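Commentary on secondary and tertiary structure
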Amino acid sequence: MNEERKGRKLTSRYVSTLKTTNASGERFYDPEIRGLFLTVYSSGRRSRGLRYGTRARRRWFKLGDYPSVLPEDARKAAQAALAELANGKDPAMDRRAARAGTMTFSTWCDEYIEERRRDLKRPDAVAYYLNKARARWGLRDVADVKPMDVRALFNAHKATPVLANRLRATLSACFNAAVRRKLIPSNPVTEAALVKHRETARSRVLSEEELGRLWLAITEESDEHARAAFRLLLETGARVGEVLAAKWADLDLAG
C-alpha cells in the first residue's frame with residue numbers, strides 16, 4: 001500500500017536521496033504548500049503533483065517528473081494552480097479537456113493509479129498488470145487502443161490463464177475509468193468480448209513424510225502462539241484469517 005509522509009522540506013538535495021522498495025510508490029508531502037507532494041517509485045522515478053478537492057471529489061494535478069521539474073518550480077506551479085482554484089477554475093479538468101484524445105496510454109495509466117490509489121486494494125498488483133500492456137501500447141494514444149489489440153495481448157498470455165484473466169479485469173477497470181473521463185468513447189476490453197481462460201484449480205495434499213517434517217518444524221518453533229496457530233490450521237483445515245482472529249468462545253474445548 002502506498003505510504004504518505006509529511007515532514008522535511010522537499011529540497012533538491014533531499015529529493016535526490018529519497019528511495020523506496022514500494023512498487024506502487026511512496027508519497028512525500030510538502031510541509032509548506034497544502035497538497036503538494038512527491039511520489040518516489042522503486043524504479044527511481046520521482047514525480048511531482050498536487051492533491052486537492054474533497055474526499056468525495058479528489059483531484060490530482062500532475063506537475064512533472066524530477067529533475068525536469070525542480071522543487072522550486074513545482075511550488076510555483078502548485079501555487080498557480082491553487083490560485084486558479086480560488087478563482088473557481090479546476091486546473092486538472094482544464095488540462096484533461098485541452099488534451100482529450102492526445103493522452104498516451106502510459107500517461108493515462110499513471111493518472112489512473114494515482115487517482116485510484118486509495119480505492120485499490122493492491123495498487124502494486126494493478127501497476128504490475130498495466131505494465132504488461134504498457135510494454136505494447138505505452139506511447140500510443142489511449143484512444144487508439146482497439147479491441148483487436150486487447151484480444152492479441154490477452155491471447156499472448158493464454159499459457160498463464162490466471163495472469164491473463166487478471167490482466168483482462170485490470171484493463172477493463174482502467175478503460176472504464178477512461179470512458180468516464182470521456183478520454184475514449186467505449187471500453188475496448190468490453191468490445192473485444194474476451195472469454196476468460198479456464199483456470200486449473202490448485203490442490204495438493206502433503207505426504208505422510210512431508211506432514212511429519214512439517215509437524216516437527218512446528219514443534220521446534222519458539223513462538224508458542226505461532227505453534228498453536230499452525231497446529232490449529234493442520235487439525236481443522238480452517239482458513240488462516242479464521243485462525244488468527246479466533247477467540248476462546250469460538251473453540252469447543254470439551255469437544
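Residues numbered from 1 in each chain as written. Predicted model: local features only at pLDDT ≥ 70, side-chain atom pairs only at ≥ 80, totals over all residues. Heavy atoms only, no water.

Points about a nonpolar patch on the surface
The line we're drawing: Patch membership requires more than 30% relative accessible area and the absence of a salt bridge. Residues of like charge join within 9 Å; the nonpolar side chains Val, Leu, Ile, Met, Phe, Trp and Tyr join within 5 Å. Here, Shrake-Rupley sampling with a 1.4 Å probe gives the accessible areas, and only protein chains in the shown set may cover a residue. Here, a salt bridge means any Lys or Arg side-chain nitrogen found within 4 Å of an Asp or Glu carboxyl oxygen. Working definition: helices are DSSP H or I runs of at least four residues, strands are E runs of at least two. Numbering for both runs from the N terminus.
A grouping of Leu206, Leu211, Leu214, Trp215 and Leu234 is seen on the molecular surface, where their side chains present a nonpolar patch of about 370 Å² in accessible area. With 3 residues, the top contributor of residues to the nonpolar patch is helix H9 (residues 208-219). When you line up the elements, leucine 214 lands in helix H9.

Observations concerning empty space enclosed by the protein
Rules: Using protein atoms alone on a 1 Å grid, points that fit a 1.4 Å probe yet trap it form a cavity, whereas open point sets bounded by protein on both sides within 12 Å along at least five of seven lines form a pocket; residues with an atom within 4 Å of a point count as lining. Grid points are joined across faces, edges and corners, and a volume is the space filled by probe spheres set on the points.
Summed over the entire model, instances satisfying the criterion amount to 2 cavities of 30 Å³ or more. Space inside the largest cavity adds up to approximately 140 Å³. For the largest cavity, the lining is made up of 14 residues, of which Phe37, Ser47, Lys62, Asp110 and Glu114 are closest to its centre. Among the elements that take part in the lining of the largest cavity, helix H4 (residues 105-116) stands out by supplying 4 residues, more than any other.

What to know about the nonpolar core
Put simply, the rule reads: Residue types Ala, Val, Leu, Ile, Met, Phe, Trp, Tyr and Cys, when buried and joined through side-chain atoms within 4.5 Å, form a set referred to as a nonpolar core. Categorising residues by exposure relies on relative accessible area from a 1.4 Å probe, with only protein chains included: less than 20% of the type maximum marks a residue as buried, more than 50% marks it as exposed, and the intermediate range marks it as partly exposed. Contacts are assigned to residue pairs that have any heavy atoms within 4.5 Å of one another.
Counting 31 residues, the largest nonpolar core has Phe105, Trp108, Tyr112, Leu130, Trp137, Leu171 and Phe175 as the members making the most contacts within it. Elements represented by at least two residues in this core include exactly H4, helix H5 (123-137), helix H6 (147-156), helix H7 (161-180) and helix H8 (188-192). Sort the elements by how many residues they give to this core and H7 lands first, with 8 residues. With residues near it in sequence (within four places) discarded, tryptophan 108 still touches Met103, Val142, Cys174, Ala177, Ala178, Arg181 and Leu183.

In short, shape yes, function no, at least from these values alone.
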